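Coordinate analysis (summary)
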Amino acid sequence: MSKFYHIILTHSAGSIPTYKLCRSASSITCVVIERVTMSAKLLEGKPIAEKIKEEIRKEIKTLGRKPVLATIQVGENPQSTIYLKSQKKRAQELDIELQEHILLDSIAESELINYIRKLNQDKNVTGILLQLPLPSQINSKNIPIHIDPLKDVEGMHPENVGQAIFGKMRIGSCTALAVMELINATGVDLYGKEAVIVGHSEIVGKPVSLLLLDKLATTTTCHIATGQRGYLPTHVKRAEILVVAVGKPGIIHGEWVKEGAIVIDVGINRVNDKIVGDVEFEKAYERASYITPVPGGVGPVTTIMLMRNLVESAKLQR
Ligand code: NAP
């Protein structure tokens, strides 16, 4: 006659895979005959953002003046308009003054730089946010260096990027900081963890890689060449922490996700009038320990991190 035992073999952040073991009365040989997997915990951004908002509210009271955020939008762009709408809402909630600067679509790169320089000198302005994308005549990579590093609320000035390399980030990429807040909310210890970042943009992939490295995670950054050589599944399959920021729906197949992985899906894609991420959500949900929804995961935390950067800017200018 055989007896059945349930034992816990592994326990990684929220998922407890359960193995059913069979033991014969006459032998001590144990065989794994069944595996039952728990679904992931949904890592929603709103509660995390709310908590940070309350901390920011308290900090603003200590500043002695209302922070002023100057946003620059060049021409009409639906993506920027949506982002601006959520920033306005956040600013209102926190009693932050938001100045909207809308410039002509035809503006030359040099004119935009001059405009930014004027805002740098304006003592009333605490932080400057340049909405992307920019029209084709402007190379967006040329602009961050012209924003006063103390007013650079997106953390894209080389001086601020450099601080991150030395592990002394003052103002950092809002999305990268949001990714770190979400990972921290799981309670995971990053020390020595296999972290795979898919996407190496200046605004997401690279700063996330740096921040994870700073926590002594073992980081691998994947990009277009990784995808083209067919190595994406190999890297994703061993990721204990997986951050995806590509902008291609379903580029990460659910079955590639390691059991118990923490999955942060930064991607925002519109498919048949629905917003989806870069990860095949349903299948990944079955395997991950935590996974961010799209929408409702990284987005709400990103907008609040912008306001936290603004407060940091105000403190640095005191
Ligand atoms: P991006 O500048 O276009 O960068 C995309 C990255 O993906 C690039 O590094 C690119 O590599 C890489 N890539 C493209 N195809 C690949 C493939 N087949 N395999 C592996 N890597 C590949 O975009 P981003 O600004 O980082 O944004 C990425 C996504 O996140 C977008 O959907 C965006 O809307 C979203 N986003 C969300 C938030 C938020 O708050 N939720 C904030 C920012 C961005 P190469 O450069 O080498 O081609």
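Predicted, not measured: the structure shown is a model, and the values here were computed from it. (Residues numbered from 1 in each chain as written. Predicted model: local features only at pLDDT ≥ 70, side-chain atom pairs only at ≥ 80, totals over all residues.)

**Considering the overall build of the protein chain**
Cut-off, in case you're wondering: Where helices and strands are cited, they refer to DSSP runs of H or I of at least four residues and of E of at least two residues respectively, numbered from the N terminus. Comment: burial labels come from other C-beta atoms within 10 Å of the residue's own C-beta, placed from the backbone, where a count of 20 or more is buried, 12 or fewer is exposed, and between is partly exposed.
Across its full length, the protein chain holds 10 helices and 14 strands. Taking all 318 residues of the protein chain together, 40% fall into the buried category.

**With respect to the pairing of strand E8 (residues 194–198)**
As a reminder, the rule being used: The pairing criterion is simple: DSSP has to find at least two bridges between the two strands. With strands facing away from the observer, any crossover in which the path from the first strand over the helix to the second runs clockwise is taken as right-handed.
For E8, the tally of buried residues reaches 4 of 5 residues, placing the bulk of the element in the interior. Two strands pair when backbone bridges link them, and E8 and strand E9 (residues 218–222) are joined in this way by 5 bridges, in the parallel orientation. In the strand pairing of E9, Val196 is matched with Thr220. Taken together, E8, helix H6 (residues 205–214) and E9 form a β-α-β motif whose crossover is right-handed.

**Thoughts on the environment of Glu44**
Going by this rule: Contact between two residues is assigned whenever their backbone-derived C-beta positions fall within 7 Å.
Looking at the secondary structure, you find Glu44 in the loop between strand E4 (41–42) and helix H1 (45–63). C-beta crowding within 10 Å serves as the criterion here: with 16 such atoms nearby, Glu44 is assigned to the partly exposed category. With near-sequence residues (within four places) excluded, Glu44 lies in contact with Pro293, Gly296 and Gly297.

**Observations regarding the packing of helix H5 (residues 174–185) against helix H10 (residues 298–316)**
Let me state the cut-off plainly: Convention adopted: a line fitted to C-alpha atoms gives each axis, helices being fitted over their contacting stretch, and angles between N-to-C directions are expressed from 0 to 180 degrees. In this scheme the crossing of two helices becomes right-handed for a clockwise turn of the near helix relative to the far one and left-handed for an anticlockwise turn of less than a right angle. Polar here means any residue outside two lists: the nonpolar Ala, Val, Leu, Ile, Met, Phe, Trp, Tyr, Cys and Pro, and the charged Asp, Glu, Lys and Arg; Gly therefore counts as polar.
At a minimum axis distance of 8 Å, the contact between H5 and H10 shows a crossing angle of 115°. Relative to H10, the crossing made by H5 is right-handed. Between H5 and H10, the residues in contact are Cys174, Thr175, Leu177, Ala178, Val179, Glu181 and Leu182 and Val298, Val301, Thr302, Met305, Leu306 and Asn309, respectively. Classifying every residue of the contact of H5 with H10 gives 9 nonpolar, 3 polar and 1 charged.

**Focus on the packing of H5 against H6**
Spelled out, the test is: Here the word oblique covers every angle except those under 35 degrees (roughly parallel), over 145 (roughly antiparallel) and from 65 to 115 (roughly perpendicular).
Here H5 crosses H6 at 40°, and the two axes come no closer than 8 Å. The angle between H5 and H6 falls in the class oblique. Note that H5 runs across H6; the crossing there is right-handed. When H5 is examined against H6, the residues Ala176, Val179 and Met180 are found in contact with a partner set consisting of Pro207, Val208 and Leu211.

**Details of helix H4 (residues 158–165)**
Which entries qualify depends on this criterion: Taking the helix axis as origin, the arc is that swept by the directions to the C-beta atoms.
Taken residue by residue, H4 has Asn160, Val161 and Ala164 as its buried positions. Buried residues of H4, viewed axially, fall in a sector of 100°; they line one side. Residues of H4 that are exposed and angled more than 90 degrees away from the buried face: Pro158, Gly162 and Ile165. The secondary structure elements touched by the buried residues of H4 are H6.

**Structural notes on the confidence of the model for the protein chain**
Stated precisely, the cut-off is as follows: The predictor reports its confidence for every residue as pLDDT, a score running from 0 up to 100.
Here the protein chain averages 89 in pLDDT, while 88% of its residues score no lower than 70. Across residues 1–36, confidence stays below pLDDT 50; counting only partners more than four residues off in sequence or on other chains, it has 56 contacts.

**A closer look at the pairing of strand E11 (residues 262–265)**
Alternating positions in E11 separate into two faces, Ile262 and Ile264 on one and Val263 and Asp265 on the other, with burial throughout. One ladder, built from 4 bridges, connects strand E10 (residues 241–244) with E11; its direction is parallel. Paired with Leu242 across the strands is Val263, a residue of E11. Pairing geometry for E11 and strand E14 (residues 290–291), over 2 bridges, is parallel. Its bridge partner lying in E14, Ile262 is registered against Tyr290.

**What to know about the site of the ligand**
Worth spelling out the cut-off: Whether a residue is near a molecule or strand depends on its C-beta atom, generated from backbone atoms, being within 6 Å of that molecule or strand.
Around the ligand sit 26 residues, and of these Ser201, Ile224, Gly227, Gly247 and Thr302 come closest. Looking at the shell around the ligand, the elements that each hand over two or more residues are helix H7 (224–228) and H10. Class assignment for the residues of the shell around the ligand results in 12 nonpolar, 13 polar and 1 charged.

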